[in-house]
Amino acid sequence: MSTQVTKVSPASLASAPHSGPGPIERILNSLPWWALPATVVTVLGLFGLYSVWTAFLTGGINQSGSYLSPFYSPTIWKTGPVSPALWVLGSPLLFRATCYYYRKAYYRSFFWDPPSCAVGELRHRKYRGETAFPLFLNNLHRFLFYLVLIVTGFLWYDVYLAFWAPNGHVQLGLGTGIMLVNVILLSGYTFGCHSWRHLVGGGLDCYSRSQLGQARYRAWRWVTVLNQRHPVWAWCSMFSVVIADVYIHLLRAGILIDPHIIF
Amino acid sequence: MAVVDQPAPSAEAPVENVLTASGLTGETLTLRVLKGVPGGEQAEVAYQVPVVSGMVILDAVHYVQHNLDTDLACRWNCKAAKCGSCSAEVNGHPVLMCKTRVDDLPAGPVTVHPLKSFPLIKDLVTDVSRNYEVNRQIPPFTAAPDDGTPWRIPQQDIDRLYEFRKCIECFLCQDVCHILRSHDYSDRFYGPRFFVRVASLEMHPKDVLDRRDQTRDQGGLGYCNITKCCTEVCPEHIHITDNAIIPLKERVADVHWDPVRFVGRKLFGRNGD
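In this text the structure is predicted, and so the values were computed from the model without any measurement.

**Remarks on the interface of chain A and chain B**
Note on interface size: it is often stated as the accessible area lost on association of the parts. Chain A puts 49 residues into the contact, and the matching count from chain B is 52 residues. Both faces considered, chain A and chain B share a buried interface measuring about 4400 Å² in area, 49% of it formed by carbon and sulfur atoms. By the criterion of area lost to chain B, the three top residues of chain A are Tyr100, Tyr127 and Asp205 of chain A, representing 16% of everything that side buries. There are seven salt bridges connecting chain A and chain B. Put simply, Glu232 of chain B and Arg108 of chain A hold a salt bridge, and the shortest N to O gap is 2.9 Å. Across the chain A-chain B interface, the total number found is 27 residue pairs in polar contact (both at pLDDT 80 or more). For the side of chain A that touches chain B, the secondary structure elements donating two or more residues are α1 (10–14), α5 (100–109), α6 (141–162), α8 (194–202) and α9 (213–227) of chain A. The greatest single-element share of the side of chain A that touches chain B, amounting to six residues, is contributed by α8 of chain A. Split into classes, the residues belonging to the side of chain A that touches chain B amount to 19 nonpolar, 14 polar and 16 charged.

Given below as structure tokens:
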């Protein structure tokens, strides 16, 4: 019987490579604890201000040709003293406000509860978490999910309409692409929702003995794939909504001309 | 048994070769360890430790214990990130000392403090027995009395429970959770580690107990505001928030926040699934 012996010298051990954290991770690790909360406050604050501006201060529906801004879809009342966006924005904004990911973001950044991990809290009042009004209303997240499902359906319909030029021909324009990417990102965010993950199959203990257990297990696994990147979907879809809206504003103001092909 | 002495470096050998052969990098680490006992004076003591290639913080603490301060108290066991004993706060972050490499830390002095959320015993050793008291409050695994063995459990029914079994009970998640750390709600809040345990039992296909109300009322699940610090510090990379706490919150919502399921239960007598 032969035995293979691997010789290990102290020198080879000493020079063993260690990759350690990558350059991006090193930069992130070296940032002060307040960098993330400050970024979140800035970005969410700007998004809030932009939403108010585009929904209530720009006058009329933000629509250009067959492109309809996601802030105004579905258009329920086109005329009246109140902006049509008011009837639409409620459910997506509340859906995001009660979203498990955004809860982490604003509890840390706006409420400082805590501002960062292992960092002392600045306010030492009686803590109630999500056991009391109004924060226990976050438990209603699943109902806002149902409403957002309807809105997402309309956004897909808007993309379908965006493929049709006003003269009835099929068109492929930059705006069509922006709206398509936007609705894909919004769908990725919506269908990666933790509540949806629970409803679709996460709430079951025993898939093998449940009605539609196999299908629900498979659905749960698919939703889990989306759910693992929920923060990425959340941020990207938020930016894509703004980009789509800005683009349509620019078309509407005549500053840009939509490059497109008509078939 | 043959004993081989490490050959002494020859006087002619270049300095770099001597350092490489012994693993020494030629650098010195300033280790600031919080020393003290409850009720007594506590202060950071600085030690100068020669850095060895691949050194982890636990190595540095051992160097201090063996060469500079034999009185320094530190709990450790496996040095392989599997026993969960050497939890401490390095540069303010709750970590396992045996898994924290010196060359991964920013240059400069490194502070080592005991876990803040637990009562101090001495130096880096804290009393984590409170966790075991919480653990005793959780009803153990309970199968149906008529569920005979052996069990045949399909893989899909048990898949997601493996992750929870990876917990090594280092209690870093309990330490970093602000509800225990800053608000000291240990009398009304189980903490992340025990929500993981409840989740592993609640989702088990053979467990028949309904733990949702107890987890909400006695366990204080509603206090958790999902800031995910527990997930960030977990050395076993368990997705504590996404896979244990949020699913438990959703299961509680099934009972207390879902009128559709409430009507379904009243009409059909089902559990809402």
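**Describing the packing of aromatic side chains**
As enumerated under the stated definition, the model contains 32 aromatic pairs over all chains in all. Ring-pair connections join several aromatic residues into one group, and the members of that group are Phe95, Tyr101, Tyr102, Phe143, Phe145, Tyr146, Tyr189, Phe191, Trp196, Trp235 and Phe239 of chain A. Its guanidinium or amino end placed over the ring of Tyr189 of chain A, Arg96 of chain A lies 4.3 Å from that ring's centre, counting from NZ or CZ. Between the NZ or CZ atom of Arg188 of chain B and the centre of the ring of Tyr185 of chain B, over which it lies, the distance is 4.0 Å.

Rules behind the numbers
- Counting restarts for each chain: residues are numbered from 1 in the order of the written sequence.
- Following the order in which they are written, the chains are lettered starting with A and the ligands numbered starting with 1.
- Per-residue local features of the predicted model are confined to residues with pLDDT of at least 70, and side-chain atom pairs are confined, for both listing and counting, to 80 or more; whole-chain, interface and lining totals are unaffected and use all residues.
- To obtain the side-chain values, all non-hydrogen atoms of the structure were used and water was disregarded.
- Contacts are assigned to residue pairs with any non-hydrogen atoms lying within 4.5 Å of each other.
- What counts as buried area is the accessible surface, traced by a 1.4 Å probe, that two parts surrender upon association, with contributions from both included.
- Just to be clear on terms, a salt bridge is a Lys or Arg side-chain nitrogen sitting within 4 Å of an Asp or Glu carboxyl oxygen.
- Counting of polar contacts relies on pairs of N or O atoms within 3.5 Å, with two restrictions inside protein: one atom must be capable of donating a hydrogen and the other of accepting it, and residues adjacent in sequence are counted only when both atoms are side-chain atoms.
- Secondary structure follows DSSP: runs of H or I at least 4 residues long count as helices, runs of E at least 2 residues long count as strands, and numbering of each begins at the N terminus.
- Just so you know the grouping, Ala, Val, Leu, Ile, Met, Phe, Trp, Tyr, Cys and Pro go in nonpolar, Asp, Glu, Lys and Arg go in charged, and all remaining residues, Gly too, go in polar.
- Two aromatic rings from Phe, Tyr or Trp, using only the six-membered ring of Trp, form a pair when their centres are within 6.5 Å; if the ring planes differ by under 30 degrees the pair is stacked, by over 60 it is edge-to-face, and anything between is tilted.
- Throughout this description, the term charge over a ring refers to an Arg CZ or Lys NZ atom that lies within 6 Å of the ring centre and within 35 degrees of the ring normal.

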